[in-house]
Amino acid sequence: MENWQRAFKESLTTLREISDRYPIDLESLQSVVKHYPLRVTRYYFDLIREPNDPIWRQCIPDIEEIKDIKTPLDPLNEKGFMPVPFLIHRYPDRVVLLVSSTCPTLCRFCTRKHYLRNSHLPETTNPLDEAIEYIEKKREIRDVILSGGDPLLIPDELLDEILGRVRKISHIEILRINTRTPATLPERITPSLCKVLKSHHPLYINTHFNHPLEITPQSSEACALLADAGIPLGNQTVLLKGVNDDLGVMKQLLQKLLTLRVRPYYIHQLDRVRGTSHFFTSVEMGLKIISGLRGYTSGLAIPHYVIDLPGGKGKVSLLPDNVKKEGRTYFLRSYLGEVVEYPDEED
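Here is what the cut-offs are and how they apply
- By convention here, each chain's residues receive numbers from 1 onward along its written sequence.
- Reporting in this predicted model follows two pLDDT cut-offs: at least 70 for local features of residues, and 80 or more for side-chain atom pairs to be given and counted; totals over whole chains, interfaces and linings ignore these cut-offs and use all residues.
- With hydrogens and water excluded, all non-hydrogen atoms of the structure serve as input to the side-chain values.
- We count a salt bridge whenever a side-chain nitrogen from Lys or Arg sits within 4 Å of a carboxyl oxygen from Asp or Glu.
- Only runs of H or I of at least four residues qualify as helices and only runs of E of at least two qualify as strands under DSSP, and these elements are numbered from the N terminus.
- Residue exposure (1.4 Å probe, protein chains only): buried if accessible area is under 20% of the type maximum, exposed if over 50%, otherwise partly exposed.
- Each axis is a line fitted through C-alpha atoms, taken for helices only over the stretch in contact, and angles between the N-to-C directions span 0 to 180 degrees.
- We call two directions roughly parallel when the angle between them is under 35 degrees, roughly antiparallel when it is over 145, roughly perpendicular when it lies between 65 and 115, and oblique otherwise.
- The sense of a crossing depends on the near helix, which, turned anticlockwise from the far helix by less than a right angle, makes the crossing left-handed and, turned clockwise, makes it right-handed.
- Throughout, a residue-residue contact means that at least one pair of heavy atoms, one from each residue, lies within 4.5 Å.
- In protein, a polar contact means a hydrogen-donor-capable atom and an acceptor-capable atom, both N or O and within 3.5 Å, with residues adjacent in sequence counting only if both atoms are side-chain atoms; elsewhere, any N or O pair within 3.5 Å suffices.
- Strands are labelled as partners when DSSP assigns at least two bridges between them.
- Our arc is simply the arc of the directions from the helix axis toward the C-beta atoms.
- Aromatic pairing here means that ring centres of Phe, Tyr or Trp (its six-membered ring) are within 6.5 Å. Orientation follows from the plane angle: under 30 degrees is stacked, over 60 is edge-to-face, and everything else is tilted.

As for the pattern of salt bridges
Right, on to step 1. One pass over the structure, following the stated rule, counts 16 salt bridges.
Right, on to step 2. Between Asp228 and Arg261 there is a salt bridge, with its nearest N and O atoms 2.9 Å apart. Of the two residues, Asp228 sits in helix H11 (residues 217-228) while Arg261 sits in the loop between helix H12 (247-259) and strand E7 (262-269), which places them 33 residues apart along the sequence.
Right, on to step 3. Assessed through its relative accessible area of 46%, Arg261 is described here as partly exposed.
Right, on to step 4. Counted as one network, the salt bridges with shared partners bring together Asp93, Arg94, Arg142 and Glu173.

This is how it looks when you write it as structure tokens:
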């Protein structure tokens, strides 16, 4: 067993382990973890400075999660865009291949929090056979994104096999991996992993850092190993109330990412998925942050601010000077050519 696998296995998965260090209401939170499991790596747990700080809010269960009963389970209609198991085909030329069913740390704001569990690591590519055959048949697909769960929870040998099978498809030009391991399980980024990834270029990785506290010597070294392997790194940040809904915090995060050779790619408006409403921010807040960044820091540090529209209508990028506002509702044009509405926080 490798060090990262041991670290993953030793993750905290019970409230009792949390209560050994911090006072929590075990009885009330037990009802939360019955719906939404708990998993947090010891590394990430050790980043907590005090209860309810930005790290705590991202990984420790909150009673507010089960008070939210009206928000959709699958706001992006991912199941509706799943022609075969483990594959999402929403945009014409790219697909998402779901290769893992869990993450090192189960984020409390996750879009797929209803489907991710504390399950075992995958041991075979067999479940993906139908998905890979689908990609082979659809010649318009040129870009494959590995997601999950976290793709880097797969052992090196299995990841190499999956990437190799997809890379052999003649019309596939680009491989991408979306992973939070540099921020939550930096032990996973090893020289042997980087050797595997380097053999499948052109390959891109999007990391997921939400707060400057997540940038540590360990996560910095993880990003350095990936960058030194010639892998372009981007970052997708989610705008979260009580975590990073502040211009100063966001600017510090984005500037620090550049020092790690990680290019800020997206700030996501949080998907309106059930169990996450206590993290919702207004669209005005996102626009205020972008406005405060433009002209006040390097353009390299300014990501796209995007909303993933409900129902799977696609991402739209917002700027302070190009959003049409009528009352409290923003009207946005989707990639399907439709004009749709996106309600603000209090609607």
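Some remarks on the packing of H12 against helix H13 (residues 283-293)
Right, on to step 1. One can describe the packing of H12 onto H13 by two numbers: an axis separation of 10 Å at closest approach and a directional angle of 60°. As the angle between them shows, H12 and H13 are arranged oblique. Crossing geometry of H12 relative to H13 is assigned as right-handed. Residues Leu247, Met250, Lys251 and Leu254 of H12 form the contact with H13, whose participating residues are Ile289, Gly292 and Leu293.

As for the side chain of His114
Right, on to step 1. Looking at the secondary structure, you find His114 in the loop between strand E2 (94-98) and helix H7 (129-137).
Right, on to step 2. Residue His114 is classed as buried on the basis of its relative accessible area of 18%.
Right, on to step 3. From its side chain, His114 meets the backbone oxygen of Arg274 in a polar contact 3.2 Å long.
Right, on to step 4. Leaving out residues up to four positions away in the same chain, His114 has contacts with Tyr36, Leu73, Val273 and Arg274.

So, the sheet that holds strand E8 (residues 304-309)
Right, on to step 1. The sheet built from 9 strands is open, its strands ordered E1-E2-E3-E4-E5-E6-E7-E8-E9 with mixed pairing. Whereas interior strands pair on both sides, the edge strands pair on one side only; in this sheet they are strand E1 (87-91) and strand E9 (314-318). In this sheet, adjacent strand axes meet at a mean angle of 30° when their direction is disregarded.
Right, on to step 2. Strand direction decides the pairing type here: strand E6 (residues 233-239) and E7, joined by 7 bridges, are parallel. When the bridges of E7 are listed, Thr237 appears paired with Ile267.

Here we look at the environment of Gly299
Right, on to step 1. When you line up the elements, Gly299 lands in the loop between H13 and E8.
Right, on to step 2. Owing to a relative accessible area of 48%, Gly299 belongs among the partly exposed residues under this scheme.

Considerations on helix H10 (residues 191-198)
Right, on to step 1. Among all positions in H10, only Leu193, Cys194, Val196 and Leu197 are buried. For H10, the arc enclosing every buried residue in end-on projection is 155°, short of the 170-degree limit, so these residues lie on one face. Summarising the geometry of H10, the exposed residues directed more than 90 degrees from the buried face are Pro191 and Lys195.
Right, on to step 2. Packed against the buried residues of H10 are helix H8 (156-167), strand E4 (174-178), strand E5 (203-207) and H11.

Some words on the packing of aromatic side chains
Right, on to step 1. Taken as a whole, this structure holds 4 aromatic pairs when the rule is applied.
Right, on to step 2. Ring centres 5.8 Å apart and planes at 80° place the aromatic pair Tyr22 and Phe45 in the edge-to-face group. With Tyr22 in the loop between helix H2 (15-19) and helix H3 (26-35) and Phe45 in helix H4 (residues 42-45), the pair connects residues that are 23 residues apart, well separated along the chain. Considered together, Tyr22 and Phe45 belong to a single accessibility category, that of buried residues.
Right, on to step 3. Seen in terms of ring centroids, Tyr22 and Trp56 are 5.3 Å apart; in terms of plane orientation they differ by 90°. Their pairing is edge-to-face. In this pair, Tyr22 is assigned in the loop between H2 and H3 and Trp56 in helix H5 (residues 54-59), connecting sequence segments 34 residues apart. For the pair shown, Tyr22 and Trp56 are each scored as buried.

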